[in-house]
Amino acid sequence: MKPTVEAYTVALPWYEREDVQRLWELAHDRDDMPGNYDVWRAAAVRVVNAWLARGRAPQIVTIKPDKFLAWLEDKGLPNTAATRLKYVEEKASGAGSETGGVGIAADPRALSKADA
C-alpha cells in the first residue's frame, strides 16, 4: 500500500503580525510564548524547515483571533498552547494531518522535538 500525502503532513500554527499582540494578551500561557513577532517567526521558520528536512509537508494553519476565540468559547477551553494545537489540528484539511506537538516557545530549549 502506497503512503498518502496525509501520512507526510503535519499541521502547524501560524500567526500574522497584526494578530499576535491580541492573541498574546489573551493567552493563559503568555509567559511561555515569545512576546515579539520576529522572534516567534524565526523560531517557527526553524520548525518548518526541520519538518521539511524530515520529509514531512507542513500544512500551515493561520490562527485568526476572532475565529479562534469564538472556537475557544464554544468549547469552553482556555487559550493555551495545547488548545491552539487542537484548533490547528481541527482546521487542518485532510485526514491524517497531525500537529506532532509542535509549538513555538519563548525559551528555544522548550521547542518541540521537531526542532531537535
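Below, the structure is looked at part by part. A quick note: this is a predicted structure, and the numbers were derived from the prediction, not measured.

Tallying secondary structure elements over the chain gives four helices and two strands in all. Reading the secondary structure of the chain in the N-to-C direction produces β-α-α-β-α-α. A burial count over the chain gives 40% of its 116 residues as buried. Within the chain, counting contacts between residues at least 6 apart in sequence, those at least 24 apart form 69% of the total. On the chain, roughly 6800 Å² of surface is accessible, and the fraction owed to carbon and sulfur atoms is 53%.

This structure, assessed with the given rule, holds six aromatic pairs. Between Tyr15 and Trp40 the ring centres are 5.1 Å apart and the planes differ by 75°, which places this aromatic pair in the edge-to-face class. With a gap of 25 residues between them, Tyr15 in the loop between strand S1 (9-14) and helix H1 (17-26) and Trp40 in helix H2 (residues 37-53) connect regions that are remote in the sequence. The exposure classification of Tyr15 matches that of Trp40, with both residues buried.

Once that is clear, we can look at the side chain of Thr83. Note that Thr83 resides in helix H4 (residues 81-91). Overall, the relative accessible area of 7% leaves Thr83 in the buried class. Ignoring any residue separated from it by four or fewer positions in sequence, one finds Thr83 in contact with Phe68, Trp71, Leu72, Leu77 and Pro78.

As a further point, take the nonpolar core. Tyr15, Trp40, Ile63 and Phe68 are the most contacted members of the largest nonpolar core, which has 16 residues in total. Secondary-structure elements contributing two or more residues to this core are S1, H1, H2, helix H3 (65-75) and H4. Beyond its immediate stretch of four places on either side in the chain, Ile63 contacts Pro13, Trp14, Tyr15, Asp19, Leu23, Phe68, Arg84, Tyr87 and Val88. Core analysis: the second largest hydrophobic core is formed by five residues, Val10, Leu12, Val47 and Val48 among them.

Glancing now at the side chain of Asp19. Mapped onto the secondary structure, Asp19 falls in helix H1. Owing to a relative accessible area of 9%, Asp19 belongs among the buried residues under this scheme. Filtering out sequence-adjacent residues up to four positions away, Asp19 remains in contact with Ile63, Lys64 and Pro65.

With that out of the way, let us pick up the pattern of salt bridges. Summed over the entire model, instances satisfying the criterion amount to five salt bridges. Measuring nitrogen to oxygen at the nearest pair gives 2.7 Å for the salt bridge that ties Asp38 to Arg17. With Asp38 in helix H2 and Arg17 in helix H1, the pair connects residues that are 21 residues apart, well separated along the chain. With a relative accessible area of 49%, Arg17 lands in the partly exposed category. The residue Lys75 makes a salt bridge to Glu90 at a minimum N-O spacing of 3.7 Å. Of this pair, Lys75 sits in helix H3 while Glu90 is found in helix H4, placing the two residues 15 residues apart along the sequence. The class of Lys75 is partly exposed, set by a relative accessible area of 39%. On the basis of relative accessible area, Glu90 is assigned to the partly exposed category, the value being 42%. One salt-bridge network, in which partners are shared between bridges, spans Glu18, Asp19 and Lys64.

What counts and what doesn't
Residues numbered from 1 in each chain as written. Predicted model: local features only at pLDDT ≥ 70, side-chain atom pairs only at ≥ 80, totals over all residues. Heavy atoms only, no water. Helix = DSSP H or I, 4+ residues; strand = E, 2+ residues; numbered from the N terminus. Buried < 20%, exposed > 50% of the residue type's maximum accessible area, 1.4 Å probe, protein only. Contact = heavy atoms within 4.5 Å. Areas by Shrake-Rupley, 256 points an atom, 1.4 Å probe, with all protein chains shown as cover. Phe/Tyr/Trp six-rings, centres within 6.5 Å; stacked < 30°, edge-to-face > 60°. Core = buried A, V, L, I, M, F, W, Y, C linked by side-chain atoms within 4.5 Å. Salt bridge = Lys/Arg side-chain N within 4 Å of Asp/Glu carboxyl O.

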